[in-house]
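Tertiary structure, described
The residues making up each chain are set out below.
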Amino acid sequence: MAGEPDIFADLKRKARKLGEELASAPVVEVVGVVNPPGAGGGKFQGEKAWRLSFDFAAWRTTGGEVRATKLAVHKEVTHDELDSLVEVLLPYKVFRIRARVVEGTGAPQARLESVVGKEESDRELNEFARQLQMPVTCKDAQFGKFTLDRNVDWYVGESRWNDQPIKLTLSPDNAGSIEEALKTARILWKRQPSWDRKVQKFAVSKLLPLKNSSWLDVDEPKLTAKGFLAKMKLESITIYADGSFDFWHNDGDLFWGHSI
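Residues numbered from 1 in each chain as written. Predicted model: local features only at pLDDT ≥ 70, side-chain atom pairs only at ≥ 80, totals over all residues. Heavy atoms only, no water.

Bringing the overall build of the protein into the picture now. Each helix and strand in the protein was counted, giving six helices and twelve strands. Over its C-alpha atoms the protein spans a radius of gyration of 23 Å, topping by over 25% the 18 Å that the globule rule assigns to 260 residues. With the principal axes as the frame, the protein shows a C-alpha extent of 65 × 45 × 40 Å. In the protein, buried positions account for 33% of the 260 residues. Just so you have it, the protein exposes about 16300 Å², and 52% of that area is on carbon and sulfur atoms. With 38 positive and 38 negative side-chain charges, the protein shows a separation of 4 Å between the mean positions of the two kinds. (Helix = DSSP H or I, 4+ residues; strand = E, 2+ residues; numbered from the N terminus. Rg over C-alpha atoms; globule rule 2.2 N^0.38 Å. Buried < 20%, exposed > 50% of the residue type's maximum accessible area, 1.4 Å probe, protein only. Areas by Shrake-Rupley, 256 points an atom, 1.4 Å probe, with all protein chains shown as cover. Lys, Arg positive; Asp, Glu negative; His and termini not counted. Charge placed at Lys NZ, Arg CZ, Asp CG, Glu CD.)

Structure (structure tokens):
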């Protein structure tokens, strides 16, 4: 609609500006701890080059102080280079790299020039890497123990919903706190019957027509709402710091193994 901001154009402008800033930044040596889950990458639709990306959980430039903030590192690579670097840049390892670094109002960004190699002489960062591998847990009076899954930066615990065991996952806020997510969890659990009905009604309204129009096996009769719900099984609930949440169900083969 006329007058509405073009979100994608704005993102492209920001990416172009960052690219220009990185291109003009000097090349420096950076030592850092690879954050889990390690290096990864892919290729966006319409682009020729593959893109390697990983984070340093803590880092420093040569002679500088350790920065316990994430540094996002990326580089355009060939497919073979991507495979090779993904195998090398493993989580919790300390590496020395050469890169162009930009620090603006957002998170620090770096364009990788080359990987120098593993760095074992930096005692402070290697100790940080050791500490990073220690389990991080917290306890709540209502929901019990949660353990941080560093691969996704979520706290994972177990609970019961309608007397059935499920996994309860809480996403922390920018400060690393799960208190806001816990507030939402308490509201949901206090009103379990109501929210259970709402979730089921929503699933039926959105997915039952899809199932009956496109996902029936040969000679399979159309499902009723009752039959559809009978196959769904709640497995986990994920709650975010902003108050939103996801209910994840086993589909009972309604959609050939895809989660609901």
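Now that the structure has been shown, the text picks up again.
Next up on the list: the sheet that holds strand S12 (residues 245–250). Across the sheet, six strands lie side by side as S7-S8-S9-S10-S11-S12; this open sheet has mixed pairing. The strands lining the two open edges of the sheet, one partner per strand, are strand S7 (137–140) and S12. Here the average twist between neighbouring strands, direction ignored, is 25 degrees. The pairing of strand S11 (residues 233–239) with S12 spans six bridges and is antiparallel. Counted as the bridge partner of Thr 238 is Asp 246 from S12. Across the sheet, helix H4 (residues 179–190) touches S7, strand S8 (144–149), strand S9 (154–161), strand S10 (164–170), S11 and S12, and the angle it forms with S11 is around 145 degrees. Most of the contacts of helix H5 (residues 192–214) go to S9, to which it runs at about 105 degrees, and overall it touches S9 and S12. (Pairing = 2+ DSSP bridges. Axes fitted to C-alpha atoms, helices over the stretch in contact; angles between N-to-C directions. Contact = heavy atoms within 4.5 Å.)

The subject of this paragraph is the packing of aromatic side chains. All told, the structure shown has ten aromatic pairs when counted by the stated rule. With centroids separated by 5.5 Å and ring planes inclined at 70 degrees, the aromatic side chains of Phe 54 and Phe 56 adopt a geometry described as edge-to-face. The class for Phe 54 is buried, based on a relative accessible area of 4%. Seen from their ring centres, Trp 215 and Phe 255 are 5.3 Å apart, and the 80 degrees between their planes marks the pair as edge-to-face. Taken as a pair, Trp 215 in the loop between H5 and helix H6 (225–231) and Phe 255 in the segment after S12 lie far apart in primary sequence, 40 residues in all. Assessed through its relative accessible area of 6%, Phe 255 is described here as buried. Ring pairs connect the aromatic residues Phe 143, Trp 161, Trp 189, Trp 195, Phe 245 and Phe 247, which therefore count as one cluster. Geometry around Trp 195 places Lys 198 over its ring, the cationic atom sitting 4.4 Å from the centre. (Phe/Tyr/Trp six-rings, centres within 6.5 Å; stacked < 30°, edge-to-face > 60°. Lys NZ or Arg CZ within 6 Å of the ring centre and 35° of its normal.)

Turning our attention to the pairing of S11. Buried residues dominate S11, accounting for five of its seven residues. For S10 and S11, the ladder comprises four bridges, and the chain directions are parallel. Each bridged residue has a counterpart across the sheet, and for Thr 169 the counterpart in S11 is Thr 238. Counting the residues between successive antiparallel strands, the hairpin from S11 to S12 contains five residues, one of them, Gly 243, with a positive phi of roughly 95 degrees.

Here the second largest pocket defines a volume of roughly 470 Å³. Asn 35, Lys 70, Leu 148, Arg 150 and Asp 153 are the residues nearest the centre of the second largest pocket, which is lined by 21 residues in total. Within the residue set of the lining of the second largest pocket, elements represented by two or more residues are strand S3 (50–61) and helix H3 (123–132). (1 Å grid on protein atoms, 1.4 Å probe; cavity = no way out; pocket = protein on both sides within 12 Å on 5 of 7 lines; lining within 4 Å. Points joined across faces, edges and corners; volume = space filled by probe spheres on them.)

Let's shift gears to the pattern of salt bridges. Within this structure, the stated rule accounts for eleven salt bridges. For Arg 100, the salt bridge is made with Glu 113, and the minimal N-O distance between the two is 3.0 Å. You can see Arg 100 sitting in strand S5 (residues 94–102) and its partner Glu 113 sitting in strand S6 (residues 109–118), a full 13 residues away along the chain. For Glu 113, a relative accessible area of 29% gives the class partly exposed. If you follow the salt bridges from partner to partner, you end up with Glu 29, Arg 96 and Glu 119 in one network. (Salt bridge = Lys/Arg side-chain N within 4 Å of Asp/Glu carboxyl O.)

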